[in-house]
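The chain contents come next:
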Amino acid sequence: MADTTLHSWEYLETLPGTQFYRLYRSPASALAIFRKRLTSLAKSFVMMLLYMPAPLPVKQLELLVKDSSRGEREYAIDLLHRYHIFKDVTYSGVKAYALTPDFARSLRRALTGAGDTRSFGKVATHVPGDQKGTITQLDEYAQQRWEGILGYMVGSSSILLETPSTERQAAMQPSLGVIELLKAGHLIELSGTYSRGQSAKITKEGFAFVLQDINTQIWALLFLYVDNAEVFEMDKVDVLSFLFFISSLELGLAYSTTPLDDTQQRCLSDLVAFGIVYQPMRDDGTPVDYFYPTRLATTLTSDSSTALSTTNTTIGTSLSTSSSSSPTSANTGATKGFIVVETNYRLYAYTSSPLQIALLSLFVNLRSRHPNLVTGKMSKSSVQRAIRAGITADQIISYLTSHAHPQMRRHAQAEQSRNSDHARVVPILPATILDQIHLWQLERDRMTTTPGFLLKDFPNHADYEAPCRYADEIGVLVWKNDKKRMFFVNRIEGVRAFMAERRANAQA
């Protein structure tokens, strides 16, 4: 497997336009990009042009957005260009915007129904009644698979509080392909021979990875999978299109494998190892001709915060709360959580999950373990140990906040209601804890780096000021120095296009 770095959603923006046009031939792909990657304003622009018989002049589009929101408008247009959804055309002698034909055609089919083309799967009708999977069973399957992957990374097997059954151990053990993918993403380092007996050591990138939400984690690994598709003699676009197809399916339904081609069949078997799909096996060890998407699949491209929260609660947080027996968790309807943090830096975690205990041990000095309770204390040394490994203060705070016990949430809500300044949001964690974690990081990290592009050597102030102001409006400006006529941006595409257009207008 090729050695590469972990990818995020920005990986899509590195694809050439020709691959985007192929990708947009699939209604599921067009719908996924529309839902997941576009801002609300960008979606509005797309819907406005979707059924227009002619391109929309640029001046008319600009009139639809107030001058005070110019930056948001420019960012939305830049985003639509980056994903090859908008194309610049000339209509009636003026500059105009139009949707790329493949995207527009596929999105219309996705919104109005794809007919009998089965672009969104063929529901299996021959599943035996005693083999039909329930949503609860699918959630348990996805949880086991994902817990096995993260547990392998953090070495939770070394701190098991109870020995799991042989069947559960086999279900939780990641496949060799997944292990190689973790290695390719620099999330783990392997030592020993190439066998299941290899010992894995988590890297600093891996530390940061395990503290992210599940949807981010899954897409990071899936983009790695796409990037390495050619190693397995598969086409990147075909693999990516299949991932978007899987994300469009409905939870709880079984889908036939009959319409799938060879590449899709191979992808399907690989996705089983992630817990993204479930495919039962026959008695002879061969897979059946239908599969179920799990909750990990159906929320891959969801833009609903409720759906994503449900996935994190059902698949992610359940790793810690499934065996939770905190005094108040049984009779509260609040969001599941298991961590209590006191102002004296003591921490109480109502969990027996080896994975969550291993995660806590990354930045907490654990003191004692009980059947459903772990106690510990955060200190300067424990937090800085995590920071040296690559975990940031914000990631630690985000983890503690998202897993905070309902009692802490109720306390924060009570403080908010008593607070005379309702504009100030009361944090769930004690303020002293938040400040101190950041201070401990500042003691170690006194410098941060931002990858990007430095633009300088402008002949006059006007040539410098225009692109600098444009970069600020679209949200890519990081730093500027008016005196030296130079500025720094974290993205160059939109600024480069603006400068080229400005030069062309000046020469005309």
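All residue numbers refer to positions counted from 1 along the written sequence of the respective chain. Whole-chain, interface and lining totals are the exception, using all residues; otherwise, since this is a predicted model, local features are given only for residues with pLDDT of at least 70 and side-chain atom pairs are given and counted only at 80 or more. Water and hydrogen atoms play no part in the side-chain values, which are based on all heavy atoms of the structure.

**Notes on the sheet that holds strand 2 (residues 86-91)**
- Here, any two strands with at least 2 DSSP bridges between them count as paired. Helix and strand definitions here come from DSSP, where helices need a minimum of 4 consecutive H or I residues and strands a minimum of 2 consecutive E residues; each element is numbered from the N-terminal end. Strand order in the open sheet formed by three strands is 1-3-2, with antiparallel pairing between adjacent strands. Because the sheet does not close on itself, it has two edges, and the strands there are strand 1 (56-57) and strand 2.
- As defined by bridge partners, strand 2 adjoins strand 3 (residues 94-99) across six bridges and the pair is classed as antiparallel. Across the sheet, residue Lys87 finds its bridge partner in strand 3, namely Ala98.
- Across the sheet, helix 3 (residues 40-50) touches strand 1, strand 2 and strand 3, and the angle it forms with strand 3 is around 95°. In what follows, a contact means two residues having at least one pair of non-hydrogen atoms within 4.5 Å. As a rule, the C-alpha atoms of each element are fitted with a line to give its axis, helices using only the stretch in contact, and angles between N-to-C directions run from 0 to 180 degrees.

**A closer look at the sheet that holds strand 9 (residues 339-341)**
- The sheet built from four strands is open, its strands ordered 9-10-12-11 with antiparallel pairing. Of all strands in the sheet, those with a lone pairing partner are strand 9 and strand 11 (365-370), marking the two edges. Across this sheet, the average inter-strand angle for adjacent strands is 15°, counted without regard to direction.
- Pairing of strand 10 (residues 346-349) with strand 12 (residues 373-377), which is carried by four bridges, proceeds in the antiparallel orientation. Within strand 12, the residue paired with Leu347 across the bridge is Gly376.

**Quick word on the pairing of strand 14 (residues 477-481)**
- Inspection of the sheet shows strand 14 paired to strand 15 (residues 486-489) by four bridges, in the antiparallel sense. What sits directly across from Lys480, in strand 15, is Phe487.

**Focus: the packing of aromatic side chains**
- Any two rings among Phe, Tyr and Trp, with Trp reduced to its six-membered ring, count as a pair given centres within 6.5 Å; such a pair is stacked if its planes are under 30 degrees apart, edge-to-face if over 60, and tilted if neither. Summed over the entire model, instances satisfying the criterion amount to 18 aromatic pairs.
- An aromatic cluster of at least three residues, connected via ring pairs, comprises Tyr11, Trp219, Phe223 and Phe244.
- Put simply, a charge is over a ring when the Lys NZ or the Arg CZ is close to the ring centre, within 6 Å, and near the line of the ring normal, within 35 degrees. Against the face of Phe34 rests Lys43, its NZ or CZ located 5.9 Å from the ring centre.

**Quick notes on the environment of Ala124**
- Note on placement: Ala124 falls in the loop between helix 6 (101-112) and helix 7 (135-154).
- Note on Ala124: relative accessible area 12%, which makes it buried.
- Separated by 132 residues in sequence, Ala124 and Ser256 place their C-alpha atoms 4.7 Å apart.
- Discounting chain neighbours no more than four positions away, the residues touching Ala124 are Ala254, Tyr255, Ser256 and Tyr290. Burial status follows relative accessibility: with a 1.4 Å probe on protein chains alone, a residue under 20% of its type maximum counts as buried, one over 50% as exposed, and anything between as partly exposed.

**Quick word on the nonpolar core**
- Think of a nonpolar core as a cluster: buried Ala, Val, Leu, Ile, Met, Phe, Trp, Tyr and Cys residues, connected wherever their side-chain atoms sit within 4.5 Å. Formed by 127 residues in total, the largest nonpolar core has its most connected members in Leu12, Ile85, Val210, Ile246, Ile276, Phe363 and Leu400.
- At ten residues, helix 11 (residues 214-227) tops the list of elements feeding residues into this core.
- With residues near it in sequence (within four places) discarded, Leu400 still touches Ile339, Val341, Leu347, Phe363, Met378, Leu429 and Ile437.
- Cys468, Ile474, Val476 and Val489 belong to the second largest nonpolar core, which has 13 residues in total.

**A short note on the packing of helix 17 (residues 380-388) against helix 20 (residues 431-444)**
- Contact geometry for helix 17 and helix 20: axes closest at 9 Å, N-to-C directions at 60°. In terms of axis orientation, helix 17 runs oblique to helix 20. Taken as a pair, helix 17 and helix 20 cross one another with a handedness that is right-handed. Residues Lys380, Val383, Gln384, Ile387 and Arg388 of helix 17 form the contact with helix 20, whose participating residues are Ile437, Trp440, Gln441, Glu443 and Arg444.
- When residues are grouped by polarity, Ala, Val, Leu, Ile, Met, Phe, Trp, Tyr, Cys and Pro land in nonpolar, Asp, Glu, Lys and Arg in charged, and all others, Gly among them, in polar. Its residues assigned to classes, the contact of helix 17 with helix 20 shows four nonpolar, two polar and four charged. Throughout this description, any angle smaller than 35 degrees is read as roughly parallel, any larger than 145 degrees as roughly antiparallel, any in the 65 to 115 degree range as roughly perpendicular, and the remainder as oblique. Crossing handedness is defined as follows: a turn of the near helix away from the far one that is anticlockwise and smaller than a right angle gives a left-handed crossing, while the clockwise case is right-handed.

**Observations concerning the pattern of salt bridges**
- A carboxyl oxygen of Asp or Glu within 4 Å of a side-chain nitrogen of Lys or Arg is what we treat as a salt bridge. Counted according to the given criterion, the structure contains 17 salt bridges.
- The shortest N-O distance in the salt bridge between Arg491 and Glu13 comes to 2.4 Å. Pair noted here: Arg491 is in the loop between strand 15 and helix 22 (493-507) and Glu13 is in the segment before helix 1 (17-23), with a separation of 478 residues, a long-range link.
- A salt bridge links Asp235 to Arg22; its shortest N-O distance comes to 2.9 Å. In this pair, Asp235 sits in the loop between helix 11 and helix 12 (236-247) while Arg22 sits in helix 1, placing the two residues 213 residues apart along the sequence.
- The network of salt bridges with common partners includes Glu13, Asp78, Arg82, Arg491 and Glu493.

**Quick notes on the environment of Ala393**
- Looking at where Ala393 falls in the secondary structure, it is placed in helix 18 (residues 393-402).
- Once the C-alpha coordinates of Ala393 and Gln436 are considered, the two residues, 43 residues apart in sequence, prove to be 9.5 Å apart.
- The contact partners of Ala393, leaving out residues within four places of it in the chain, are Ile437, His438 and Gln441.

**Side note on helix 20**
- By definition here, a helix of n residues has an expected span of 1.5 Å times n minus one. Over its 14 residues, helix 20 extends 21 Å from the first C-alpha to the last, a length consistent with the 20 Å expected when each residue adds 1.5 Å.
- Of all the positions in helix 20, only Ile433, Leu434, Ile437, Trp440 and Gln441 are classed as buried. For helix 20, the angular spread of the buried residues around the axis is 135°, confining them to a single face.
- In this structure, the buried residues of helix 20 make contact with strand 9, helix 17 and helix 18. This arc describes the spread of directions from the helix axis toward the C-beta atoms.

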